[in-house]
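Structure at a glance
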Amino acid sequence: MPSLLPKPTPATKNYQRHQPEKTTLYQLIHDNYLDLDRYFSEQGKYLPAYVKREFEAYLKCGKLENGFLRVRCEDCHHERLVAFSCKKRGFCPSCGASRMAQTAALLSDHIFPHQPVRQWVLSLPFPLRFLLAAKPELITPVLKIIVRAISSALIKKAGLTHNDAETGAVTLIQRFGSALNLNIHYHMLFLDGVYIKPKIGDRPKFIPVKAFTATELIAVLNRISRRIVRFMEKTGYLEKDAEQPFLNLDEPDDTGMQQIQGCAITYRIAVGPMQGKKALTLQTIPAIIEENYSSAVKLNGFSLHAGVVCQAKERQKLERLCRYISRGALSEKRLSIGKQGQVIYRLKSPYNNGTTHVVFSPMDFMARLAALIPPPRLNLTRYHGVFASNSKLRPLITKPQRKANKSSIKKHSHSTRINWAERLKRVFKIDIEVCSECGGKVKIIASIKDPLVIDQILSHLNLIDDIIPPAFQLPEAQGPPQEVFF
């Protein structure tokens, strides 16, 4: 008799447990992280506690011996185990993808109204990148200067004043570049227009504005750069002499972070006998000779780009843009090991000079990862204007949150937060809530955290050998193309 149970839909994929201990990234960190800590100890310095916690948490992320959920099908009683994640913000690809999906879903579904949204990206000169990395408390006042300048320009372009109108933005602070370089810059999603402040009982009216010309962008960037420099001079972090300004960092650095961060910003080697020299790169395509390769305007080391816009009806494009600006720092697919044991990382897009890969020693690769880890209590997502939590216009503009069912949602949970199963289904087309055997509905039946119980279950399922990290073995070399241009 044929089964009457529904089969899994072809639009979704079956869930396969991620095994981080078998990846190149895990093996590199497992074998080289302690060498980095030992290197600084020999120099009389140390790695901060939050950096060590990040590496140690990654080594436990997704491994069954550290705890897991038991998930069972209600129809055929087929079970699977789902390991716990580290939930860190540094370089973990799995947790970065989960956070990316969560952030993009929140912004596109509950924050941005059906109005045009434009991306503004501001990059800073190398000295200011280093200053913000060494003094993360300066990130917030610098961001306030940037948002105030862009908001004023939008309101002025709409022919209004701050007393009559207000705009809104969401900023995601990124700390990385495509070459795993430390690059603190601001990705801001601004409403491409302004809201007129309504009278009591009325709803706010949105007025779109035209795109900024290159001349107008340069004027905005000039205002931002002057205000940032003036702020740094007032706080004493930037001083001027007869020739040029210089940073004033008199505080001693007992950790090795400033050394790591400075080299990660300037594309240099941070540790070992080659310390301070330019990192090795591979140029596997000819240099791109094009005058206006980038549409960004540049001034005194600052760069401002505002060329990407999502119209009101382009909600899928908006979600893709939100995923892009909230993505993780590292991609495992672009990571490989060379024949000599070097770590090769492929760039997402080639540089103008034809560079497509950067090459690290294993320990210098650890230093790059350490530089990308954000310090604790640093919020990387900020809301401004009508999207700010204390804005009176926010309830009138953002999408109402769905009411939570108190019987099915745990205490202190947020109704706008999607769970891990919904994130997998939304981004990767993987439906973990559907049984791969019969297509029935699955549910969580237990959370296993007791080490003794964990060992008993894994022994019973013959999974003990799978969770023991193997000795590091170089995978098959994945070198660049044969024709290389230097």
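In what follows, the structure referred to is the one given above.
In this report, we go over the structure that sits alongside the text. (Residues numbered from 1 in each chain as written. Predicted model: local features only at pLDDT ≥ 70, side-chain atom pairs only at ≥ 80, totals over all residues. Heavy atoms only, no water.)

Concerning the sheet that holds strand E2 (residues 79-83)
Within a sheet, adjacent strands bond to each other through the backbone by hydrogen bonds, running parallel or antiparallel. Defined as follows: Strand pairing requires that DSSP identify at least two bridges connecting the strands. Only DSSP runs of H or I with at least four residues qualify as helices, and only runs of E with at least two residues qualify as strands; both kinds are numbered from the N terminus onward. As a rule, the C-alpha atoms of each element are fitted with a line to give its axis, helices using only the stretch in contact, and angles between N-to-C directions run from 0 to 180 degrees. Any two residues whose heavy atoms approach within 4.5 Å are treated as being in contact.
What the three strands build is an open sheet, ordered E2-E1-E18; its pairing is antiparallel. The open sheet terminates on both sides in strands that have one partner only, identified here as E2 and strand E18 (442-448). Averaged over all pairs of adjacent strands, the angle between their axes in this sheet comes to 30°, without regard to strand direction. Bridge analysis of strand E1 (residues 68-73) against E18 gives six bridges, and the strand direction is antiparallel. By the bridge assignment, arginine 72 is partnered in E18 with lysine 443. Taken strand by strand, helix H12 (residues 451-460) contacts E1, E2 and E18, and its axis lies near 50° from that of E1.

What about the pairing of strand E7 (residues 193-196)?
In this sheet, E7 lies alongside strand E4 (residues 165-166) in antiparallel orientation, the contact comprising two bridges. By the bridge assignment, glutamate 166 is partnered in E7 with tyrosine 195. As paired elements, E7 and strand E8 (residues 205-208) share four bridges and run antiparallel to each other. Bridged to valine 194 within E8 is isoleucine 207.

What about the packing of helix H1 (residues 24-42) against helix H9 (residues 362-372)?
Our working definition: In this scheme, roughly parallel covers angles under 35 degrees and roughly antiparallel covers those over 145, while 65 to 115 is roughly perpendicular and the rest are oblique. Under the scheme applied here, ten amino acids are nonpolar (Ala, Val, Leu, Ile, Met, Phe, Trp, Tyr, Cys and Pro), four are charged (Asp, Glu, Lys and Arg), and all others, including Gly, are polar.
Contact geometry for H1 and H9: axes closest at 8 Å, N-to-C directions at 85°. Classified by the angle their axes make, H1 and H9 are roughly perpendicular. Residues Leu25, Leu28, Ile29, Asn32, Tyr33, Asp35, Leu36 and Tyr39 of H1 touch H9, and the partners they reach there are Pro362, Met363, Phe365, Met366, Ala367, Leu369 and Ala370. Taken together, the residues of the contact of H1 with H9 break down into 13 nonpolar, one polar and one charged.

Brief notes about the packing of aromatic side chains
Heads up, the condition is: Whether two aromatic rings pair depends on their centres lying within 6.5 Å, for rings of Phe, Tyr and Trp, where Trp uses its six-membered ring; planes under 30 degrees apart make the pair stacked, over 60 edge-to-face, and the rest tilted. Each residue is assigned to one of three classes by its accessible area relative to the maximum for its type, calculated with a 1.4 Å probe on protein chains only: buried under 20%, partly exposed between the two thresholds, exposed over 50%. A ring is considered to have a charge above it if a Lys NZ or an Arg CZ atom is located within 6 Å of its centre and within 35 degrees of its normal.
Following the criterion strictly, the structure yields 11 aromatic pairs and no others. Geometrically, the ring pair formed by tryptophan 120 and phenylalanine 190 is edge-to-face, given 6.4 Å between the ring centres and 70° between the ring planes. Of this pair, tryptophan 120 sits in strand E3 (residues 117-123) while phenylalanine 190 sits in strand E6 (residues 182-191), and the two are 70 residues apart along the sequence. We classify tryptophan 120 as buried; its relative accessible area is 1%. Both rings, one in tryptophan 120 and one in phenylalanine 212, keep their centres 5.3 Å apart while their planes meet at 80°; by these two values the pair is edge-to-face. With tryptophan 120 in strand E3 and phenylalanine 212 in the loop between E8 and helix H6 (214-235), the pair connects residues that are 92 residues apart, well separated along the chain. Since its relative accessible area comes to 14%, phenylalanine 212 is described here as buried. Cation over ring: arginine 327 sits above tyrosine 324, and NZ or CZ is 4.1 Å from the ring centre. Positioned above the aromatic ring of tyrosine 383, the side-chain terminus of arginine 394 is 5.7 Å from the ring centre.

Overview of the pattern of salt bridges
Under the convention used in this document: Whenever a carboxyl oxygen of Asp or Glu lies within 4 Å of a side-chain nitrogen of Lys or Arg, that contact is scored as a salt bridge.
What the rule picks out here adds up to eight salt bridges. Between glutamate 65 and lysine 63 there is a salt bridge, and its shortest N-O distance comes to 3.0 Å. For the salt bridge of arginine 70 with glutamate 79, the shortest nitrogen-to-oxygen distance reads 2.7 Å. When salt bridges that share partners are traced, they join Arg70, Arg72 and Glu79 into one network.

Comments concerning the pairing of strand E16 (residues 355-360)
Of all six residues making up E16, six are buried, and the element is well covered by its neighbours. Judged from the four bridges that link them, strand E11 (residues 280-283) and E16 form a sheet pairing that is antiparallel. Bridge pairing in E16 links glutamine 283 to threonine 355. The sheet contact formed by strand E15 (residues 343-346) and E16 spans four bridges and is antiparallel. Within E16, the position partnered with arginine 346 by the bridge is histidine 357.

Concerning the nonpolar core
The following threshold applies: Residue types Ala, Val, Leu, Ile, Met, Phe, Trp, Tyr and Cys, when buried and joined through side-chain atoms within 4.5 Å, form a set referred to as a nonpolar core.
Grouped together as the largest cluster of nonpolar side chains are 92 residues, with contacts concentrated most on Ile29, Phe55, Tyr186, Met188, Ile228 and Phe365. No other element matches the 11 residues that helix H5 (residues 139-157) contributes to this core. Non-local contacts of methionine 188, meaning those with residues more than four positions away in its chain, are made with Arg118, Gln119, Trp120, Leu122, Leu143, Ile146, Val147, Ile150, Val170 and Thr171. Of all hydrophobic cores here, the second largest spans 20 residues; its members include Phe112, Leu172, Leu321 and Phe387.

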